[in-house]
Structures are given as C-alpha cells and as structure tokens.
Amino acid sequence: MMGPSHALSGAAVWLTGSWAMAQFADYHQTPLALAVGTAVCAGGALFPDLDLSGKVTRNQGGATVARTFGVVSLFVAEVVEKISLGVYYATKLSKDPRRNNGHRTLTHTIPFTVLVGWGTTALCAHYGKWAVVGILFFMIGLALRGLFDKWAERAGWVVVTLVSAAAAWFTFANLPGDRGYPMIGLAVGVGCFVHILGDMITRAGVPILWPIPIKRRMWTMIGLPNKIALRTGSKAETVVLRTAMTILSVLAAVGLVAPSVLQRFDIQV
C-alpha cells in the first residue's frame, strides 16, 4: 500500500471507531480531541514504513514517512531499517530467506504495534508537556505527509515541519490532559495496526504472526493470495479503495459533528 492510502485508512478507522463509541458506549469527544485522534491515527498508520530508508545525503528515496522531515527523518529511517534487519537475522530460522534490508519485518508485527502504543502513553504520562508536544509534532507531520501528499511534496519538508510544530503546540495548549493524553497512545497503536492490515491485503504480506515459528520459519509473510491481493499503486488502491475510505470518513465525521451542531443552534430532528 502507498503512503496516502495508509494515512487515509488510519483516519477512516479512527473516525468510524469514534462514531461507534459515541453511539453504543456514550463516549463523546470534543471536536479538538476528535481531530487530534484522527490526525495521530493517520500518522500512526504511516509509522511502520519508517523501516524503508533512502539516500540520506541526497534527501532522496525511502517511504513517504521517511521524507516527512527531510534528512532528519531519512536518517531515523536508516537507523530503524538497520535495527529491523538486525532483529531479523538475530531471530531468523533455517527456512527464512536472506535479506538485504529490514522493510516489512520488525515494524510490521503485533509486538511492535503494542510496544509503540504503550510506549507513547507511558512517555506522555511520565514526561508530560514536552513528550506530548514532541509526539504530536511527529505524528501530525506524518499525517500531513500522507493525507496531503501532493501539497506536502510541493511545499517541502521545511513547511511541513513548521506547520506540524504550530499544530502540535496549539493542540497541547487546548487539549484536556485527562482524556486527551491516553487517547494519543491508543491512536498511535491503532494506526500501526491498521497499517499492518493494509499491507496484509497486498501481494507481499506481512509477518503478523512473529515471533511464532511456522515450519522452521520465524518471519512467515501472511497475506492474500496473489490472484485477489491488492497491487500497490493500482487503480483498485488509488481510486476504489481511497474513494471508499474517503466516503466512510466523511459519513463518520458528519455523524459525529452533526448532533452537536444541531444542538448548538437548538434544532431538533
């Protein structure tokens, strides 16, 4: 799956889940909390691809997430890719093939998703303001890079960085900590999990069952059969899938916002 599709899927899942929580569990969020959760989940849905590095010195290559903050994020992606490759070789079994990069290994597993979600919550709870601002800055930047890829590409990483910083600070200054902070970790974890599910419907698959060994393989790629699997960059992804997720996001957003708007203007239906 391409970066924009991942980010859009994260936003769609968060908005739909929030609508379901409001309808069936009476859990309501402020418009700001809802916007933050959606942006963070969209950014989290790009985060696992930080294991695909590029050419740091030229600010080229890498996945969408690796180009978000220019050379800095490309360097981070290089480090994550090498760590992922190291974990692969440290845990591989006899039937696991040789690899020359760490893409779709460690960061595309359930343990990584749980660790990132828990770690985000722990950082926010322990370090407070600066951890929250830093995490929001990073995740909002990824969301901008994914959801508005054409704009981000034209604007450049400097503009994306500045907009992310401003949005992160504004959000921190206005988001209540009692309910806002724990939701940040949940949104990151959900976004990572949505990313894994998205890659599972492509031909390459993901090692979602790691570290469970299967037939002398630790890194078994799980995905749909090639005949029905989604081809990355195909019309089925860029047109059909993205259109469906956009419609789902809009309907969920309308369902969440409409009641409060009607109540504000004292309109009964």
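Residues numbered from 1 in each chain as written. Predicted model: local features only at pLDDT ≥ 70, side-chain atom pairs only at ≥ 80, totals over all residues. Heavy atoms only, no water.

Asker: Explanation requested: the overall build of the protein in the structure shown.
Answerer: In terms of regular secondary structure, the protein is built from 9 helices and 2 strands. Going from the N terminus to the C terminus, the protein shows its helices and strands as α-α-β-β-α-α-α-α-α-α-α. Computed over C-alpha atoms, the radius of gyration of the protein comes to 19 Å, within 12% of the 18 Å expected from 2.2 N^0.38 for 269 residues, which places it in the range of a compact globule. Here the C-alpha coordinates of the protein stretch approximately 65 × 40 × 35 Å along the principal axes. Every one of the 269 residues in the protein was classed for burial, and the buried ones make up 44%. Counting only contacts in the protein whose residues sit at least 6 apart along the sequence, the fraction spanning at least 24 positions is 70%. When the accessible surface of the protein is split by element, carbon and sulfur atoms take 69% of a total near 13,900 Å². In the protein, the 23 positive side-chain charges and the 12 negative ones have mean positions that sit 11 Å from each other. (Helix = DSSP H or I, 4+ residues; strand = E, 2+ residues; numbered from the N terminus. Rg over C-alpha atoms; globule rule 2.2 N^0.38 Å. Buried < 20%, exposed > 50% of the residue type's maximum accessible area, 1.4 Å probe, protein only. Contact = heavy atoms within 4.5 Å. Areas by Shrake-Rupley, 256 points an atom, 1.4 Å probe, with all protein chains shown as cover. Lys, Arg positive; Asp, Glu negative; His and termini not counted. Charge placed at Lys NZ, Arg CZ, Asp CG, Glu CD.)

Asker: Looking at this model, I keep getting lost on unusual backbone geometry. Mind explaining?
Answerer: Backbone phi values are negative for most residues with the exception of glycine, while trans is the configuration of most peptide bonds. Going from Trp 210 to Pro 211, the amide bond is cis rather than trans, its omega being 10°. Checked against the element boundaries, Pro 211 lands in the loop between helix H8 (177-200) and helix H9 (235-264). Phi is positive for Arg 216, close to 60°, though the residue is something other than glycine. Within the secondary structure, Arg 216 is located in the loop between H8 and H9. The exposure class assigned to Arg 216 is exposed, which follows from its relative accessible area of 54%.

Asker: Looking at this structure, I do not really get the UniProt feature "transmembrane region" (unreviewed entry) in the protein. What am I missing?
Answerer: With numbering aligned to this structure, UniProt lists the feature "transmembrane region" (unreviewed entry) at residues 32-50, 130-148, 155-172, 184-210 and 239-262. Helix makes up 68% of residues 32-50 and strand 0%, and the two end C-alpha atoms of the span are 27 Å apart. Along residues 155-172 one finds 94% helix and 0% strand; the C-alpha atoms at either end are 25 Å apart. (UniProt positions renumbered as here; feature names shortened; annotations may be inferred.)

Asker: How should I be thinking about the environment of Pro 207 in this particular structure?
Answerer: Checked against the element boundaries, Pro 207 lands in the loop between H8 and H9. Those residues within four positions of Pro 207 in sequence are excluded, and the remaining contacts are Arg 104, Thr 105, His 108, Thr 109, Trp 219, Thr 220 and Met 221.

Asker: What is the right way to look at the environment of Thr 38 in this model?
Answerer: With respect to the element layout, Thr 38 can be found in helix H2 (residues 31-44). In this structure Thr 38 comes out as buried when scored by relative accessible area, which is 12%. For the pair Thr 38 and Gln 23, spaced 15 residues apart in sequence, the C-alpha to C-alpha distance is 18 Å.

Asker: I tried to follow the packing of helix H1 (residues 3-24) against H2 on my own but got confused; where do I start?
Answerer: Between two packed helices, the angle of one axis relative to the other and the distance separating the axes together describe the packing. The contact between H1 and H2 brings their axes to 7 Å, and the two run at 145°. Pair H1 / H2 crosses with right-handed handedness. Of the residues in H2, those in contact with Ala 7, Gly 10, Ala 11, Trp 14, Leu 15 and Ser 18 of H1 are Leu 34, Gly 37, Thr 38, Cys 41 and Ala 42. Here the contact of H1 with H2 is composed, by residue class, of 7 nonpolar, 4 polar and no charged. (Axes fitted to C-alpha atoms, helices over the stretch in contact; angles between N-to-C directions. Left-handed = near helix turned anticlockwise from the far one by under 90°. Nonpolar A, V, L, I, M, F, W, Y, C, P; charged D, E, K, R; others polar.)

Asker: Explain the confidence of the model for the protein to me, please; I cannot follow it from the model alone.
Answerer: Detailed reading of the predicted coordinates is not advisable wherever pLDDT is low. Per-residue pLDDT for the protein has a mean of 87; in total, 91% of the residues score no lower than 70. Mean pLDDT across the secondary structure elements of the protein bottoms out at strand E2 (residues 60-61), with 60, and peaks at H1, with 92. (pLDDT = per-residue confidence, 0-100.)

Asker: Looking at this structure, how should I read the side chain of Glu 81?
Answerer: Within the secondary structure layout, Glu 81 lies in helix H3 (residues 71-91). Classification of Glu 81 by relative accessible area gives buried; the value is 4%. Among all residues touching Glu 81, those that are not within four sequence positions of it are Leu 50, Asp 51, Ser 53, Asn 100, Asn 101 and Gly 102.

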